[in-house]
Each structure stands twice: as structure tokens, then as C-alpha cells.
Amino acid sequence: MVVPPRRIAWLAGGAAAVLAVGILIQQQTATTGKTISDTEPPVVRKTSGPADSRPGKPTRQLGAPAIQNLPDLPSPIEPPHAPGSPENQDWITQRISELDDLAWYDDPESLGKILTELRNPLLEIRAAALSATRAFGSRDAIPYLAAISRETKDPLEQKAIADLIEHLNLPTVLEQFNGDFD
């Protein structure tokens, strides 16, 4: 019997989804010490972002405190080199890498540094800051993103910010999973 390649891909995707849910359940029971058979209702914890663990990077902590006074964030870091110079391009690459690294932490200071760069005059840095904000996954960024969206004149950038706000408003897998048992 020959199985069509589409069906194999579909089955593999389903198996991966089942495996991912099983891992999430195992992680949740390992951290709470409770099993699904316990008689008390499940505890729904609201998090500021996805509760995942990425190898080689610091792990996220659940429930980091919210950022206060978002409009009072410092000015973005200006490039120290002349535009178009090789040093400037190296600095941009380094700054993008720093923003990517900040996205792995779950603390208000890191999110503040990322959000600050959404006002950077360089498009590459702003795009990296949007990407880092998405990776950070904190709903605490939504008011700040809305303010940035109102300020920007570029319709493509407004659309990217609106898409990011919509993405951050989506329920996480754990919220979705826990909501089914309420």
C-alpha cells in the first residue's frame, strides 16, 4: 500500500501537535506537582508571554512585573558611525543581535530596551525591534505599540505593528488549553 506524501505530512504534523501538547502538560504538572487526576480545578496562570524553554538561552520566568511609565522610556541608541560606512553596518548588525538576545529574557528592563528601539531612525533597527517584541511575547508592549503606530507615517510599518498587536492579543496554547477545562 502506498501512502500519498500529503497524508504523510498531515500525519507528521498531527503527531508533532500531539507531542507538543503532551510536553506542555508534562511541564505544567512538573512545575505544579499536581496531576490531571487531582480533584481540584486547574489553576489558570496569566503570563506575559509564552512559557517556553529555549536551549542555550536563559529560560523565561512566568509573570514578570509589568513595565511602568512606557512613554518615559529613554531615547533609542543612535549609530556612532557615519551612514554607509563599514563600521556603521557592523554596528547595525551588532545592535540587531543585541535586540535578538534581549528577546529571550522575561524582565521589564529587556522589554523596555527593545521597545525603545521602535523609535530608532534606522529602519533595520526598528524592524529588528519589532521582531524582538514578537519573540518576547509580552502583552505589556501593546499600549506602547499602539502609541508608536499612531506616530508613524509609514503605512507598511503601521500594518506590521497592527499585526504584532493582534498576535500578542491571541491566547497562548496554555491559556487555550486551560480554558477548555473551566
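Residues numbered from 1 in each chain as written. Predicted model: local features only at pLDDT ≥ 70, side-chain atom pairs only at ≥ 80, totals over all residues. Heavy atoms only, no water.

Undergrad: Explain the overall build of the chain to me, please; I cannot follow it from the model alone.
TA: Along its length, the chain carries seven helices and zero strands. Counting from the amino terminus, helix and strand elements in the chain follow one another as α-α-α-α-α-α-α. The proportion of buried residues among the 182 residues of the chain is 31%. Total accessible area on the chain stands at roughly 11700 Å², and carbon and sulfur atoms take up 61% of it. (Helix = DSSP H or I, 4+ residues; strand = E, 2+ residues; numbered from the N terminus. Buried < 20%, exposed > 50% of the residue type's maximum accessible area, 1.4 Å probe, protein only. Areas by Shrake-Rupley, 256 points an atom, 1.4 Å probe, with all protein chains shown as cover.)

Undergrad: Help me understand the pattern of salt bridges, please; the structure alone is not making it clear to me.
TA: Side chains that carry opposite charge are capable of pairing whenever their charged atoms lie near each other. Evaluated as defined, the whole model comprises six salt bridges. With a closest N to O distance of 3.2 Å, glutamate 117 and arginine 95 form a salt bridge. Of this pair, glutamate 117 sits in the loop between α3 (108-116) and α4 (123-136) while arginine 95 is found in helix α2 (residues 86-102), placing the two residues 22 residues apart along the sequence. Like glutamate 117, the residue arginine 95 is buried in the burial classification. Between lysine 159 and aspartate 163 there is a salt bridge, with its nearest N and O atoms 2.8 Å apart. Here lysine 159 pairs with aspartate 163, and both are found in helix α6 (residues 155-169), just four residues apart, close to one helical turn. Of the residues examined, aspartate 163 reaches a relative accessible area of 30% and is grouped as partly exposed. Through salt bridges with shared partners, a single network forms among Arg95, Glu98 and Glu117. (Salt bridge = Lys/Arg side-chain N within 4 Å of Asp/Glu carboxyl O.)

Undergrad: Please explain the packing of α4 against α6 as it appears in this structure.
TA: When two helices pack together, their arrangement is captured by the angle between the axes and the distance separating the axes. Axis separation between α4 and α6 bottoms out at 10 Å; the angle between their running directions is 10°. It follows that α4 is roughly parallel to α6 by the angle criterion. Contacts from Arg126, Leu130, Thr133 and Arg134 in α4 reach Glu157, Ala160, Ile161, Asp163, Leu164, His167 and Leu168 in α6. Its residues assigned to classes, the contact of α4 with α6 comprises five nonpolar, two polar and four charged. (Axes fitted to C-alpha atoms, helices over the stretch in contact; angles between N-to-C directions. Parallel < 35°, antiparallel > 145°, perpendicular 65-115°, else oblique. Contact = heavy atoms within 4.5 Å. Nonpolar A, V, L, I, M, F, W, Y, C, P; charged D, E, K, R; others polar.)

Undergrad: So what exactly am I meant to see when it comes to the nonpolar core here?
TA: A general tendency of soluble globular proteins is for nonpolar side chains to be buried together. Within the largest apolar cluster, 26 residues are counted, with the highest numbers of intra-cluster contacts made by Leu99, Ile114, Leu115, Leu118 and Leu145. Counting residues per element, the ones that place at least two in this core are α2, α3, α4, α5 (142-151) and α6. Looking at this core element by element, the count peaks at six residues for α4. If sequence neighbours within four positions are ignored, leucine 145 has contacts with Leu118, Leu130, Thr133, Ile161, Leu164, Ile165 and Leu168. (Core = buried A, V, L, I, M, F, W, Y, C linked by side-chain atoms within 4.5 Å.)

Undergrad: Explain α3 to me, please; I cannot follow it from the model alone.
TA: Side chains three or four residues apart in an α-helix point the same way, a direct result of the helix having 3.6 residues per turn. Taken across its nine residues, α3 has seven buried, putting it largely inside the fold. Among the residues making up α3, those that are buried are Pro108, Ser110, Leu111, Gly112, Ile114, Leu115 and Thr116.

Undergrad: Before we go on, may I ask you to explain the environment of aspartate 140 in this structure?
TA: Position of aspartate 140 among the secondary structure elements: in the loop between α4 and α5. The sequence separation of aspartate 140 and leucine 111 amounts to 29 residues, and the corresponding C-alpha distance is 8.7 Å.

Undergrad: Help me out: how do you make sense of the packing of α5 against α6 in this one?
TA: Between α5 and α6, the least distance of the axes is 9 Å, while the angle of their chain directions is 165°. With respect to α6, the element α5 is oriented roughly antiparallel. Read as a crossing pair, α5 and α6 show a hand that is left-handed. In contact with Ile142, Leu145, Ala146, Ile148 and Ser149 of α5, α6 contributes Gln158, Ile161, Leu164, Ile165, Leu168 and Asn169. In terms of residue class, the contact of α5 with α6 is built from eight nonpolar, three polar and no charged. (Left-handed = near helix turned anticlockwise from the far one by under 90°.)

Undergrad: Sorry if this is basic, but what is going on with the side chain of glutamate 117 here?
TA: According to the relative accessible area criterion, glutamate 117 is buried, its value standing at 1%. Excluding its chain neighbours within four sequence positions, the residues that come into contact with glutamate 117 are Pro76, Ile77, Arg95, Leu99, Ile125, Arg126 and Ala129.

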